[in-house]
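Residues per chain, in single letters:
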Amino acid sequence: MKLNSLLISLVSIASLVTAGFYDNTKSIYEVNPSNFDDVVLKTNHTTVVEFYAPWCKYCILMKGHYKRAARVASDYATFAAVNCDKDENKPLCAKYHIEGFPTVISFRPPKVNLDDYDEKKMKHAAEVYRGKREAKPLVEFLQGRIKNYVKRLNSLKLEKFLRVQDGQRDRVLLLTNKNSLSPVFKGLAIDYLGVYDFAYFHVNDDNRVLVSSKINVLDDNFDLPRIVLVTKDAIVLFHGDVKSKSSISEFLSGYKQPVEGEFSVKGKALKAINSGRAKNFRDYFKKQKKQQLVKDEL
Ligand SMILES: *[C@@H]1O[C@H](CO)[C@@H](O)[C@H](O)[C@H]1NC(C)=O
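Residues numbered from 1 in each chain as written. Predicted model: local features only at pLDDT ≥ 70, side-chain atom pairs only at ≥ 80, totals over all residues. Heavy atoms only, no water.

Secondary structure summary: the protein chain contains eleven helices and ten strands in total. Over its C-alpha atoms, taken along the principal directions, the protein chain stretches across nearly 75 × 55 × 45 Å. Counting across all 298 residues of the protein chain, residues that qualify as buried make up 45%. Partitioning the intrachain contacts of the protein chain with sequence separation of at least 6 by distance along the chain shows that 67% fall at a separation of at least 24. When the accessible surface of the protein chain is totalled, it reaches about 17100 Å², and 51% of it is carbon and sulfur. Distance between charge centroids for the protein chain: 3 Å, based on 49 positive and 35 negative side chains. (Helix = DSSP H or I, 4+ residues; strand = E, 2+ residues; numbered from the N terminus. Buried < 20%, exposed > 50% of the residue type's maximum accessible area, 1.4 Å probe, protein only. Contact = heavy atoms within 4.5 Å. Areas by Shrake-Rupley, 256 points an atom, 1.4 Å probe, with all protein chains shown as cover. Lys, Arg positive; Asp, Glu negative; His and termini not counted. Charge placed at Lys NZ, Arg CZ, Asp CG, Glu CD.)

Encoded structure:
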């Protein structure tokens, strides 16, 4: 073997040893003690964290499943991972009493009371996942652990919901023919917590005409599901893909800014952490400020 190629293979072996499983996975955060709290705890979303070691057989087996689960569920849950083989991460793995790999823990925030919000009271419930280490059961487990801020309306309440009074928050309404609520819509409600009030209404043959009479932009044979934004001045129909959280959020953020998610300030900071451009929130905002100063000077 030539010296050059020997060096290259040595370098790649070294990077295999130190690299995290999910370094290049957009929907999974490789976290460390400097950003764990920012990613996992400073949020109204439920987060799942896989504590792993790159050499462990069961971790290698789980890797693909974890990625698949993140691809399916990252609209409504945050996915993170901690490489417990790294020295800098060892205190974190000790703090959560990690004894075997992989250990998967969900961190569930308490329900926010919008009338009496106190961030200091935000204590997350940590729960070890004991199900099969496969994508589907993990996703189902998480769906059961996301907070629901979407109210179900009956016909009486629908009328009230469509009339925003002075001083009240604007509203987002999902019209659906399903009895269960999609987790994506629950995820949206968390991104816009305190910004919009969210509700859903179950449309059937008996109330279809009533609905289209209340929401005059719909005619009697409208498709379901539909999403409607209700402000004091107008009822606006969303025309994009109702399954895409990103498109719905883009539409909603055109009126009001979300607290979390990709169209929020926080979402941009998280993106920078995920891609390695910032170590944590503090570092991100420091860099932003510096950039702003440079811009101002030009
Ligand atoms: C949780 O939601 C409340 C209400 O909108 C908001 O004030 C708060 O900043 C959110 N918490 C986090 C950590 O984003």
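This part takes up the packing of aromatic side chains. Aromatic rings considered in pairs are described by the distance between their centres and by the relative angle of their planes. Applying the stated rule across the entire model yields 17 aromatic pairs. Taking the centre distance of 5.8 Å and the plane angle of 80 degrees together, the rings of Y22 and Y52 count as edge-to-face. Taken together, the positions of Y22 in the loop between α1 (3-18) and β1 (28-30) and Y52 in strand β2 (residues 47-52) put the pair 30 residues apart, joining distant regions of the chain. An angle of 80 degrees between the planes, with centres 5.1 Å apart, marks the rings of Y284 and F285 as edge-to-face. Take Y284: its relative accessible area is 11%, and that puts it in the buried class. You can call F285 partly exposed: its relative accessible area is 39%. Among the aromatic residues, those joined into a cluster by ring pairs are F21, Y22, Y52, Y66 and F79. Note that K111 overlies the ring of Y149, its terminal NZ or CZ placed 4.8 Å from the centroid. A cation over a ring is seen here: R171 above F161, with NZ or CZ 5.4 Å from the ring centre. (Phe/Tyr/Trp six-rings, centres within 6.5 Å; stacked < 30°, edge-to-face > 60°. Lys NZ or Arg CZ within 6 Å of the ring centre and 35° of its normal.)

Turning our attention to the sheet that holds β1. Overall, mixed pairing links the five strands, which are arranged β1-β3-β2-β4-β5 in an open sheet. Lying at the two open borders of the sheet, with one neighbouring strand each, are β1 and β5 (125-128). Going across the sheet, the axis of each strand differs from the next one's by a mean of 25 degrees, ignoring polarity. One ladder, built from six bridges, connects β2 with strand β3 (residues 78-83); its direction is parallel. By the bridge assignment for β3, V49 is matched with A80. Against the sheet, helix α5 (residues 135-143) touches β2, β3, β4 (103-108) and β5, its axis set at about 20 degrees to β4. (Pairing = 2+ DSSP bridges. Axes fitted to C-alpha atoms, helices over the stretch in contact; angles between N-to-C directions.)

Turning to the domain arrangement of the protein chain, a few remarks are in order. Under the domain assignment, the protein chain is made up of domain 1 (28-147), domain 2 (150-253) and domain 3 (264-298). Centre-to-centre, using C-alpha coordinates, domain 2 lies 34 Å away from domain 3. (Domains from an automatic or database assignment.)

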